[in-house]
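Coordinates in review
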Amino acid sequence: MVGFSKHLGIFRRHAITFLMGFASGLPLLLTGSVLQAWMTDAGISLENVGLLALIGLPYTLKFAWAPLLDRFSLPFLGRRRGWLFLTQAALVGMLVMLALSNPAVTPLLVGLIALAVSFLSATQDIVIDAYRREHLPDNELGLGSGFYVYGYRIGMLLASGGGLMLADVIGFTSTYLLMAGCLAVAMLVTLWAPEPEAAAPLERRHLHQIFIDPLVNFMARPKAWALLLLILLYKLGDSVAGNLTTPFYKSIGFSNAEIGATVKIFGLWPLLGGIFIGGLLIMRWGIYRSLVVFGVLQMLSTAGFIVLNHQGHDIAWLAGVVSFENLAAGMGTAAFAAFMASLTDKRFTAGQYALLSSIMGLPRVVIAAPSGYLAQSAGWDGFFLVCTLVALPGLWLLIMIKDSVPRT
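Residues numbered from 1 in each chain as written. Predicted model: local features only at pLDDT ≥ 70, side-chain atom pairs only at ≥ 80, totals over all residues. Heavy atoms only, no water.

1. Some words on helix 10 (residues 224–233)
Under the convention used in this document: With a 1.4 Å probe rolled over the protein chains alone, any residue whose accessible area is under 20% of its type maximum counts as buried; one over 50% counts as exposed, and the rest are partly exposed. Counting from the N terminus, the helices are the DSSP runs of H or I reaching at least four residues and the strands are the DSSP runs of E reaching at least two.
The buried fraction of helix 10 amounts to 7 of the 10 residues, a majority that puts the element mostly inside the structure. All of the buried residues in helix 10 are A224, A226, L227, L228, L230, I231 and L233.

2. Re the environment of S145
Just so we agree on the cut-off: Two residues qualify as a contact provided that any one of their heavy atoms is within 4.5 Å of a heavy atom in the partner residue.
When you line up the elements, S145 lands in helix 8 (residues 141–192). Residue S145 is classed as buried on the basis of its relative accessible area of 2%. S145 sits 16 residues away from D129 along the chain, and the two C-alpha atoms are 9.6 Å apart. With sequence-adjacent residues up to four places away left out, S145 is seen in contact with R132, A334, A337 and A338.

3. As for the nonpolar core
The cut-off we apply is this: Each nonpolar core is a collection of buried residues, namely Ala, Val, Leu, Ile, Met, Phe, Trp, Tyr and Cys, held together in the definition by side-chain atoms within 4.5 Å.
Among the nonpolar cores identified, the biggest contains 52 residues, and I231, Y249, L291 and F339 are the most heavily contacted of them. Non-local contacts of Y249, meaning those with residues more than four positions away in its chain, are made with F254, I259, V263, F305, L308, L318 and V322.

4. As for unusual backbone geometry
Both trends apply: most residues other than glycine have a negative phi, and most peptide bonds are in trans. Even without glycine at this site, L77 takes up a positive phi of about 70°. Inspection of the secondary structure assignment puts L77 in the loop between helix 5 (66–71) and helix 6 (79–99). Look at L77 and you get partly exposed, because its relative accessible area is 26%.

5. A few points about the side chain of H135
Mapped onto the fold, H135 is located in helix 7 (residues 107–135). H135 has contacts with R13, I16, P194 and P196, leaving out every residue within four places of it along the chain.

6. Digging into the pattern of salt bridges
Which entries qualify depends on this criterion: The term salt bridge refers to a side-chain nitrogen of Lys or Arg lying within 4 Å of a carboxyl oxygen of Asp or Glu.
Enumeration according to the criterion identifies 3 salt bridges in this entry. Of the charged contacts in the structure, one is a salt bridge between R81 and E195, with a shortest N-O distance of 3.7 Å. Taken as a pair, R81 in helix 6 and E195 in the loop between helix 8 and helix 9 (207–219) lie far apart in primary sequence, 114 residues in all. Residue classification places R81 among the buried residues on the basis of a relative accessible area of 12%.

7. Focus on the environment of L35
Mapped onto the fold, L35 is located in helix 2 (residues 33–41). Considering only alpha carbons, one finds L35 and L164, 129 residues apart in sequence, at a separation of 9.5 Å.

8. Brief notes about the confidence of the model for the protein
The condition is simple: pLDDT is a per-residue confidence score from the predictor, ranging from 0 to 100.
Averaged over all residues, the pLDDT of the protein is 80; the fraction at 70 or higher stands at 87%. Here helix 3 (residues 46–50) is the element of the protein with the lowest mean pLDDT, 63, and helix 6 is the one with the highest, 92.

9. Overview of the packing of aromatic side chains
The relation between two aromatic rings is expressed through the spacing of the ring centres and the mutual angle of the planes. Inclusion rule: Between the rings of Phe, Tyr and Trp (Trp by its six-membered ring), a pair exists once the centres lie within 6.5 Å; its type follows the angle of the planes, with under 30 degrees stacked, over 60 edge-to-face, and the other angles tilted. For a ring to carry a charge above it, either NZ of a lysine or CZ of an arginine must fall within 6 Å of the ring centroid while also lying within 35 degrees of the normal to the ring plane.
Taken as a whole and assessed by the stated rule, the structure comprises 17 aromatic pairs. Where F336 meets F339, the ring centres are 6.1 Å apart and the plane angle is 25°; that geometry is what we call stacked. Placement of the pair is F336 and F339 together in helix 16 (residues 315–343), with a separation of 3 residues, close to one helical turn. The buried category is assigned to F339, whose relative accessible area is 0%. Between W380 and F383, the ring centres sit 6.0 Å apart and the planes meet at 80°, which makes this aromatic pair edge-to-face. Of the two residues, W380 and F383 both sit in helix 18 (residues 371–389), 3 residues apart, roughly one turn of that helix. These aromatic residues form a ring-pair network of at least three members: F248, Y249, F305, W380, F383 and F384. When the ring centre of Y148 is taken as origin, the NZ or CZ atom of R132, which lies over that ring, is 4.2 Å away.

10. Thoughts on the packing of helix 14 (residues 268–285) against helix 16
Rules: Axes here mean lines fitted to C-alpha atoms, for a helix over just the part in contact, with angles spanning 0 to 180 degrees between N-to-C directions. We call two directions roughly parallel when the angle between them is under 35 degrees, roughly antiparallel when it is over 145, roughly perpendicular when it lies between 65 and 115, and oblique otherwise. Left-handed describes a crossing whose near helix is turned anticlockwise from the far helix through less than a right angle; right-handed describes the clockwise counterpart.
Contact geometry of helix 14 with helix 16 gives a least axis separation of 7 Å together with a crossing angle of 40°. Taken together, the axes of helix 14 and helix 16 lie oblique to each other. Relative to helix 16, helix 14 is oriented so that their crossing is right-handed. Contact with helix 14, carried on its side by L268, P270, L271, G273, G274, I275, I277, G278, G279, L281 and I282, involves S323, N326, L327, A329, G330, M331, A334 and A335 of helix 16 and no other residues of that element.

11. Digging into the packing of helix 8 against helix 16
The condition is simple: Amino acids are sorted into nonpolar (Ala, Val, Leu, Ile, Met, Phe, Trp, Tyr, Cys and Pro), charged (Asp, Glu, Lys and Arg) and polar (every other residue, Gly among them).
Between helix 8 and helix 16, the shortest axis-to-axis distance is 8 Å and the interhelical angle comes to 120°. Taken together, the axes of helix 8 and helix 16 are oblique relative to one another. Seen from above, helix 8 lies across helix 16 with right-handed handedness. Note on element contacts: helix 16 touches helix 8 through T333, A334, A337, A338, A341 and S342, opposite L141, G142, S145 and V149. In terms of residue class, the contact of helix 8 with helix 16 is built from 6 nonpolar, 4 polar and no charged.

Right, here's the structure in full:
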């Protein structure tokens, strides 16, 4: 009976993690590719549609207000669930407003509402990341991160692929209303979830301490600067290579349909499999060993694109290389998310995790930006060789700071 209760508790924790991941992934592309399609159909100019990229800024700046969610509690549901329920309620309201807007008549208003959706979605991510860290035992962080990413990916897929297909049948207004309804149902998960037992927020007399204390606390860790550098470097090669894979596939003769079917649809399953396998191995091996092994696999998978470049237009090779790359990326993502969560102090979970995830995103957003110039000058073999070798500093640093990386 005790064993059954234990397993039931584990199931409940990871079911909550999965469903919260779904709620986190759902709004992302509703202000991205789906909104771009709606604006384009409404006759908005390409230049203005391009400006919609700025709507994603809150996701990269969320560390700026995350400490407030550590410091202040609402008078209902507890510190984490209170903020999560309020944020989700506001997010549902904004999605309804967005659905009832007309981009052909008031494109600026649509953009402003979408920016508000993005801000609230980023805030939801902050709270969910903090909740996951505080709710899961340390030895379940890897598996929990896998379930979170599963839910996140399914939420993204429903909003993007499902949203675009639905829009052709029922229109964008009804599609956005339906997505708002899905998120409203996800609010029931917030009510079902228990409030985690975390350290109470510290009393502070000055507002500036709310923002300084999490950083001071993190930097007091042994080798803090090296840990931050590791977060920046660990997935650098993978991120830079991934920025140009679609142009690479097209350059060796693959059509849009072949890329969509093989890379996007078929390739999703190895990614999800990698996340699940990674989560299980982290529980067995611990975070440090998993980071090393998965980091090596990520590096080798990037080198696979060099092989594909010489094989040329071959669907079997494309499927094989993409499967290996996605499997390794999924395993690395599970380990990396668990690693970042393990570094946070539970008194400052939201602020510290938001900071670390912002640093993690720099390679994808900023460092990968000039990758086209590198590919143009070095060719595809040279480009992917550089991306492969760029993984070495992160692995070397991981070995150098072995004692500072959590084992569980």
